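# Residue-level structure breakdown
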Amino acid sequence: MSIFSTRDGKPWEPTYITAIDGAKCIGCGRCHKVCSRDVMHLMGVNEDGELVGCSTDDDDDDEEFVRKVMVLDKAGNCIGCSACNRVCPKDCQTHVKASELGI
């Protein structure tokens with residue numbers, strides 16, 4: 001079981017991101033900005049509801065998609081800090097405690 005302690009000795013258990021609900025996500029990018037581990041990236045959703053690549057630059061070709069969503073790309077890079085969950089305005093991420101994942 002992966003239970004650690006904080007600097008002042010309080011118990012702390014990592015909670016790892018396991019999913020992002022694309023129906024709730026508004027593609028604001030806040031989670032991506034706070035994550036230093038390259039766990040997720042922004043994708044566009046086209047008129048057919050399919051994911052298409054998009055740039056995070058302001059000069060995107062927005063005509064190719066109707067909205068943006070964040071997708072979980074490299075879940076194995078997650079360190080369980082949950083910073084992404086704290087900044088998400090739509091609570092669209094699923095996080096699971098390390099003990100529940102058997103880590």
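These notes cover the structure that comes with them. Small disclaimer: the values here were computed from a predicted structure and weren't measured.

## Re unusual backbone geometry
Its identity as a non-glycine residue notwithstanding, D38 has a phi of 60°, on the positive side. Tracing the backbone through its elements, the reader meets D38 in the loop between α1 (30–34) and β4 (40–45). Phi is positive for D91, close to 50°, though the residue is something other than glycine. Structurally, D91 is set in the loop between α2 (83–87) and β7 (93–97).

## Regarding the sheet that holds strand β6 (residues 67–72)
With antiparallel pairing, 3 strands are arranged side by side in an open sheet as β5-β4-β6. Looking at which strands have only one partner, the edges of the open sheet turn out to be β5 (51–53) and β6. Averaged over all pairs of adjacent strands, the angle between their axes in this sheet comes to 50°, without regard to strand direction. Pairing of β4 with β6, which is carried by 6 bridges, proceeds in the antiparallel orientation. Of the residues in β6, the one forming a bridge with H41 is V71.

## What to know about the pattern of salt bridges
Using the criterion set out here, one finds 2 salt bridges in the structure. Where D8 meets K10, a salt bridge forms, and the shortest distance between an N and an O atom there is 3.5 Å. For the pair D8 and K10, one class covers both residues: exposed. A salt bridge links D38 to K74; its shortest N-O distance comes to 3.0 Å. Residue D38 is found in the loop between α1 and β4, and its partner K74 is found in the loop between β6 and α2; the two are separated by 36 residues along the sequence. Its relative accessible area of 40% is what places D38 among the partly exposed residues. For K74, a relative accessible area of 36% gives the class partly exposed.

What counts, and where the lines are drawn
- Residues numbered from 1 in each chain as written.
- Predicted model: local features only at pLDDT ≥ 70, side-chain atom pairs only at ≥ 80, totals over all residues.
- Heavy atoms only, no water.
- Helix = DSSP H or I, 4+ residues; strand = E, 2+ residues; numbered from the N terminus.
- Pairing = 2+ DSSP bridges.
- Axes fitted to C-alpha atoms, helices over the stretch in contact; angles between N-to-C directions.
- Salt bridge = Lys/Arg side-chain N within 4 Å of Asp/Glu carboxyl O.
- Buried < 20%, exposed > 50% of the residue type's maximum accessible area, 1.4 Å probe, protein only.

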